[in-house]
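The lines below spell out each chain.
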Amino acid sequence: MATVAPMSAQRGTSLRKRLLPLHVAIALQGVMLWVPVEKLFMSEIGFDAASVGLMAAAYAAVVPIIEIPSGILADRWSRRGVLVIATLALMLCSLIGGLSGNVATYIVSALVLGVYFAMYSGTMDAIVYDTVLEETGESGSFEKRIGRVRLVESVTLVSSSLVGGWLAALTSTRLMYFLTVPFAALSIVAYLRFAEPRLHKSEARTSLRSHVAVTYRTITRRGQLLPIVALAVLASLILQVVFEFGPLWLVALAASAVLYGPYWAGLVSTLGIGGLLAGRLRFDQPATLAGVVGLMILASLVLTISASVLVVTIAQVVLALLVVTASIHVTRLLHDAVPSGIRAGVASGVAPPLGRTGQGDAALARGFAVVTTDTGHRGEVFDASFMADQQASLDFA
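Residues numbered from 1 in each chain as written. Predicted model: local features only at pLDDT ≥ 70, side-chain atom pairs only at ≥ 80, totals over all residues. Heavy atoms only, no water.

A. Looking closely at the overall build of the chain. For the chain, the count of helices and strands is 16 helices and 0 strands. Here the chain holds 397 residues, and 52% of them are scored as buried. Put simply, of all contacts in the chain between residues at least 6 apart along the chain, 84% involve residues at least 24 apart. (Helix = DSSP H or I, 4+ residues; strand = E, 2+ residues; numbered from the N terminus. Buried < 20%, exposed > 50% of the residue type's maximum accessible area, 1.4 Å probe, protein only. Contact = heavy atoms within 4.5 Å.)

Dropping the structure here:
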């Protein structure tokens, strides 16, 4: 017993040191200074409701097309390499966005952003899982480590959004796109300093056709994986609903515009706090599971009956926080159930990213649009003009 604790501590220290360059890369990559002012910039270059709808449709189409192929590429080639390509896509997206002077060019930028999200999601989870497995020999600390990744993503998102809005007010919205590029470039340097795990290379090499067939068969036909797939999709769906439609409760309750900022800050903070809770809540214990499910149901019921902005906000935050924490546990179950050789491909196919909501883009921009389009009344009167402004903001989302 005397030697187990020091060995465990040594493995933990080694794992933290190995993951440090990855955390630095994630933090630098998450500095998207244009996120809080995107909708304002779009209005400046001629977007209307129809063109925003077209952009959203194009973006929604490109992500699922690239999702699984990018995971298969990460499994067969290099997960670190795929993350570098994803970051290059982010740089290209920011450059095209900053150079855009019309709707068509900006839609191209949105398509490239879809490539970034598709290549980042499942690959990041897989590389963290395999690193934990290589360093410790088991997956017990995966939830804690991927939780730290979520925390870094959340803190960077919130802080860079605040800085981006402030800088845009002093300079211009277009400049925010160009200022994002150096941070993404530095994140590539950090990725290259990360020692990539090699577990996915230790398995027997198969043909591409066989690899693709096994990946899709694992996702669609493997009985053991079906409950996990269902949980992953359900968690993603609930978060999508909360982040995308949560602000509508404030609209329906005629909340003052000033409340949207604290509301959104609280909601986004669940991504980071959920990461901190990951691994601490024992979902394999019936009492813990029952308590979490009970709180989720209670929070959902509150949303159907409460007419208080404060109560609704607390209920949404609690619901989002518990779902984020539970989704991290589900992610571990998913990776536990599949071999390393197809891990990134399966993860990409089973749990697609929350898209721009997951990164805080669409919903953050919606909150920004709600406040900035609320002309004259500042949300104090729930009149026809206010409703028109809210519809315009939702169209922009």
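Moving on from the model shown.
B. Broad picture of the nonpolar core. Ranked by internal contacts, the top residues of the largest apolar core, which has 62 residues, are L22, F47, Y116, M124, V128 and Y191. Secondary structure elements with two or more residues in this core: α1 (4-29), α2 (38-44), α3 (49-76), α4 (79-99), α5 (103-136), α6 (142-170) and α7 (173-192). Among the elements that line this core, the one with the most residues is α5, at 17 residues. In this structure, V128 is in contact with L22, F142, R145, I146 and V149, ignoring residues within four places of it in sequence. Counting residues in each nonpolar core, the second largest holds 28 residues, with A235, L250, V268 and A299 among its members. (Core = buried A, V, L, I, M, F, W, Y, C linked by side-chain atoms within 4.5 Å.)

C. The arrangement of helix α11 (residues 286-305) in detail. Along its 20 residues, α11 runs 29 Å from first to last C-alpha, staying within 8% of the 28 Å computed at 1.5 Å per residue. V292, M296, A299, V302 and L303 are the residues of α11 that are buried. Viewed along the axis of α11, the buried residues span an arc of 125°, placing them on a single side of the element. Away from its buried face by more than 90 degrees, α11 exposes P286, A287, A290, T304 and I305. Buried-residue contacts for α11 involve α9 (226-252) and α12 (309-336). (Expected span 1.5 Å × (residues − 1). Arc of directions from axis to C-beta.)

D. How the structure looks around the environment of S300. Tracing the chain through its elements places S300 in helix α11. Along the sequence, S300 and V318 sit 18 residues apart, while their C-alpha atoms lie 9.6 Å from each other. A distance of 2.9 Å separates the side chain of S300 from the backbone oxygen of M296, its partner in a polar contact. (Polar contact = N/O pair within 3.5 Å; in protein donor to acceptor, adjacent residues only side chain to side chain.)

E. Expanded view of unusual backbone geometry. Even without being a glycine, A254 presents a positive backbone phi close to 55°. Within the fold, A254 resides in the loop between α9 and α10 (260-277). The class of A254 is partly exposed, set by a relative accessible area of 26%.

F. Seen up close, the side chain of T173. If you trace the backbone, T173 turns up in helix α7. Take T173: its relative accessible area is 7%, and that puts it in the buried class. Among residues more than four places away in sequence, those in contact with T173 are V37, L40, F41, E44 and A168.

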